[in-house]
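An overview of the molecular structure
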Amino acid sequence: MLHLCFMLYICATSDSGRMEFIMFKINYEIMEPIEILQTYTPFDCHITGLFEMVANNKKYGLYDENLLTCPACAVYLPGWFERLLRVVKKLKRNPYILLNDVESFGVWIEFIYKSNFIDISIINDVDFVDGQSDMLFHHMFCAKKAYGEWNAEKIGFEEFSYEVIKCSNEFLKRIYSINSSLKKNSVLREIEMHLLECGCQ
């Protein structure tokens, strides 16, 4: 059982002129024990666990040690890190991004970048069309949005980037320290490539 979490606070000025602390945090826990991870091969490697993001103390995902023996609660951890790193890379050039939560039916995460801050929302009840990309750069909502756990939660872009990059890097290093053969796994290599492009070595 492996657990990592990182927290970063920054201070920002609200519309009222008050200084407020805003926060973005990732919590995750790998379900597979070390001895199982050591048996994985680059072509047979499905690392699962609990994954949760916290924006201004509002949670999205599952993170509870009591659920570590619940296979139905597991998500594919490399997929989450790879997709969030893509958001980090693209958001300044594409100030509107929709990221599909591929493991939750009809759920998208909306990122709106403005002046080095991000408004993040969870939007429910939106169909995912077969063959559609898991990341879009345009609005796809014709009717009123059905918000989930987050509705325009404001966090700093640097704060978000720092947390995603640091957690992704620590996750990769931990996996490689247990089983170095997994450096040849295609998704883990994508994570490594994204980290290099983000200046993390």
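So, here's what we can say about the structure. (Residues numbered from 1 in each chain as written. Predicted model: local features only at pLDDT ≥ 70, side-chain atom pairs only at ≥ 80, totals over all residues. Heavy atoms only, no water.)

This part covers the overall build of the protein. Each helix and strand in the protein was counted, giving 4 helices and 11 strands. A burial count over the protein gives 49% of its 201 residues as buried. Within the protein, contacts between residues at least 6 apart in sequence are counted, and of these 64% link residues at least 24 apart. Surface accessibility of the protein: about 10400 Å² in total, with carbon and sulfur atoms responsible for 53%. (Helix = DSSP H or I, 4+ residues; strand = E, 2+ residues; numbered from the N terminus. Buried < 20%, exposed > 50% of the residue type's maximum accessible area, 1.4 Å probe, protein only. Contact = heavy atoms within 4.5 Å. Areas by Shrake-Rupley, 256 points an atom, 1.4 Å probe, with all protein chains shown as cover.)

Time to look at the side chain of N179. Tracing the chain through its elements places N179 in the loop between α3 (157–178) and α4 (186–197). At a separation of 2.9 Å, a polar atom in the side chain of N179 contacts the main-chain carbonyl oxygen of L37. Excluding anything up to four places from it in sequence, N179 contacts L37, Q38, T39 and Y40. (Polar contact = N/O pair within 3.5 Å; in protein donor to acceptor, adjacent residues only side chain to side chain.)

Phi at S115 takes a positive value of approximately 55°, unusual for a residue other than glycine. Within the secondary structure, S115 is located in the loop between β7 (108–114) and β8 (117–124). By relative accessible area, S115 is classed as exposed at 62%. With a phi close to 70°, N116 is a non-glycine residue in the positive phi region. Along the chain, N116 turns up in the loop between β7 and β8.

Attention shifts here to the pattern of salt bridges. Tallied over the full model, the rule gives 6 salt bridges. A salt bridge links E153 to K58, with the nearest nitrogen and oxygen atoms 2.8 Å apart. Here E153 is found in strand β11 (residues 153–156), whereas its partner K58 is found in strand β4 (residues 58–62), with 95 residues between them in sequence. For E153, a relative accessible area of 9% corresponds to the buried category. Each of the salt bridges in this network shares a partner with another, and the network as a whole consists of E82, R86 and D134. (Salt bridge = Lys/Arg side-chain N within 4 Å of Asp/Glu carboxyl O.)

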